[in-house]
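Each chain is listed here by its residues.
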Amino acid sequence: MILKLGIPKGSLQDATVELFRKAGFRIAIPARSYYPTIDDPEIECLLLRAQEMARYVEQGLLDAGLTGYDWVIENDADVEEVADLVYSKTGSGKARWVLAVPQDSPVRSVADLQGKRIATEAMNLTRRYLARHGVEARVEFSWGATEVKPPYLADAIVEITETGSSLRANNMRIVDTLLETNTKLIANVNAWADADKRRKIEQLGMLLQGAILAEDKVGLMMNVPKDRLPAVLEVLPSMNTPTISELTDREWVDVLVILEEKVARDLIPELKRHGAEAIVEFPLNKVVP
């Protein structure tokens, strides 16, 4: 069984390779090659633009792939949405497709775009949005640098943003949000119906989600005298249920807990003051619920 897997080329490429590393897979992308290698004999990879991924997965040229929910919608692709993978080129989080205009534009709502010109890469998404609002406008494909099109080349744009900083830098104002999106693991319908391929795809989704869940988290392991255990447990964040194990010395226990890394820096001195000893902080690659 060989699973044909699409890896997104471009802005998500490096973040995706790092995510796979944390999930336990080593991907190498040779220079000027569209065929990454992976240390799993059951997987073959193809490097492909996220904008095209859903179409090729739908057609069965790929069994599965990573792409944005926005491109599934844009291509109206009939695929299985296997797992949400909320990560991005700048970290974790979601992105938005927004309608934006110059700061001094008289446009205050989508209704004001009747008969106007809109530049975007997501033409189908934009046309459906306009149709829902009963607005007729000219939608033109933008090959890039969409933020600089208004006011001379377009009256408005529909563009993707994570923080809005690029729009603000180009003196643009957000009017409305069309869609919130994040990366998804998607699968071909027939591949999903194949027991062996489905098992592999589900395993991949579980490990990738586990790697994302482990982001910004660490493990803390410590030895605690039994008579100080209540005080130590009181200090630990209430949302975490620690694992407590007996030691060979019956007067001591080992305590293991997983928590956010930023919490650990203030928590460790507090644990020490409450009687914990031999405190070890360690990084996590995956957290699988």
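About the criteria used
- Residues numbered from 1 in each chain as written.
- Predicted model: local features only at pLDDT ≥ 70, side-chain atom pairs only at ≥ 80, totals over all residues.
- Heavy atoms only, no water.
- Helix = DSSP H or I, 4+ residues; strand = E, 2+ residues; numbered from the N terminus.
- Rg over C-alpha atoms; globule rule 2.2 N^0.38 Å.
- Buried < 20%, exposed > 50% of the residue type's maximum accessible area, 1.4 Å probe, protein only.
- Contact = heavy atoms within 4.5 Å.
- Areas by Shrake-Rupley, 256 points an atom, 1.4 Å probe, with all protein chains shown as cover.
- Lys, Arg positive; Asp, Glu negative; His and termini not counted.
- Charge placed at Lys NZ, Arg CZ, Asp CG, Glu CD.
- Pairing = 2+ DSSP bridges.
- Axes fitted to C-alpha atoms, helices over the stretch in contact; angles between N-to-C directions.
- Phe/Tyr/Trp six-rings, centres within 6.5 Å; stacked < 30°, edge-to-face > 60°.
- Lys NZ or Arg CZ within 6 Å of the ring centre and 35° of its normal.
- Salt bridge = Lys/Arg side-chain N within 4 Å of Asp/Glu carboxyl O.

**Student:** Can you help me understand the overall build of the protein chain in this one?
**Tutor:** A tally of helices and strands in the protein chain yields nine helices and 16 strands. Since a compact globule built from 289 residues should have a radius of gyration of about 19 Å, the 24 Å found for the protein chain marks it as more spread out than a globular shape. Taking the principal axes of the C-alpha coordinates as reference, the protein chain spans close to 80 × 50 × 35 Å. Within the protein chain, the fraction of its 289 residues that count as buried is 45%. At a minimum sequence separation of 6, the contacts of the protein chain that also span at least 24 residues come to 69%. Carbon and sulfur atoms form 49% of the exposed surface of the protein chain, whose accessible area is close to 15300 Å². The centroid of the 35 positive side-chain charges in the protein chain is displaced by 4 Å from the centroid of its 44 negative side-chain charges.

**Student:** I'm lost on helix α2 (residues 50–59) in this one. Help?
**Tutor:** An α-helix turns once per 3.6 residues; consequently, residues spaced three or four apart project the same way. Listed in full, the buried residues belonging to α2 are A50, Q51, M53, A54 and V57. Residues of α2 that are buried in the fold lie against β1 (3–9), β4 (43–49), β5 (64–68), α3 (69–74) and β12 (183–187). Note on α2: the residue one or two positions beyond its end, G60, has a positive phi of about 85 degrees.

**Student:** For this particular structure, what's the right way to read the pairing of strand β7 (residues 95–102)?
**Tutor:** On any regular strand, side chains alternate: one points to one face of the sheet, the next to the other face. Here β7 lies mainly inside the structure; seven of its eight residues are buried. One ladder, built from eight bridges, connects β7 with strand β11 (residues 172–181); its direction is antiparallel. Its bridge partner lying in β11, A100 is registered against I174. Summarising the sheet, β7 and strand β10 (residues 156–161) pair through five bridges and their orientation is antiparallel. Counterpart to A100 in the pairing with β10 is I157.

**Student:** What should I look at first to understand the sheet that holds β11 in this one?
**Tutor:** Strand order in the open sheet made by the five strands is β9-β8-β10-β7-β11, with mixed pairing throughout. Looking at which strands have only one partner, the edges of the open sheet turn out to be β9 (138–141) and β11. Along the sheet, successive strands turn relative to each other by an average axial angle of 25 degrees, direction set aside. Two elements, strand β8 (residues 117–120) and β9, share four bridges in a ladder whose sense is parallel. Bridged to I118 within β9 is V139. The strands that helix α4 (residues 123–132) touches are β7, β8, β9, β10 and β11; relative to β9, the one it contacts most, it runs at about 170 degrees.

**Student:** How do you make sense of the packing of aromatic side chains when you look at a structure like this?
**Tutor:** Aromatic ring pairs: the centre-centre distance and the angle between the two ring planes describe each pair. Going through the model one piece at a time under the given rule, you end up with three aromatic pairs. Between F20 and F25 the ring centres are 6.0 Å apart and the planes differ by 65 degrees, which places this aromatic pair in the edge-to-face class. On the basis of relative accessible area, F25 is assigned to the buried category, the value being 6%. Residues W71 and W97 carry aromatic rings whose centres are separated by 5.8 Å and whose planes lie at 90 degrees to one another, so their mutual orientation is edge-to-face. You can see W71 sitting in helix α3 and its partner W97 sitting in strand β7, a full 26 residues away along the chain. The two residues W71 and W97 agree in class, both being buried. Just above the ring of Y56 sits the side chain of R55; from NZ or CZ to the centre is 5.0 Å.

**Student:** Before we go on, may I ask you to explain the pattern of salt bridges in this structure?
**Tutor:** Pairing between side chains becomes possible if they bear opposite charge and their charged atoms approach one another. Scanning the entire structure with this criterion turns up 17 salt bridges. Here E202 and R198 are joined by a salt bridge, their closest N and O atoms 3.3 Å apart. Of the two residues, E202 and R198 both sit in helix α7 (residues 195–213), four residues apart, roughly one turn of that helix. Take E202: its relative accessible area is 38%, and that puts it in the partly exposed class. Since its relative accessible area comes to 34%, R198 is described here as partly exposed. Between E270 and R273 there is a salt bridge, with the nearest N and O atoms lying 2.4 Å from each other. With a gap of three residues between them, E270 and R273 both fall in helix α9 (residues 261–273), about one helical turn apart. With a relative accessible area of 57%, R273 lands in the exposed category.

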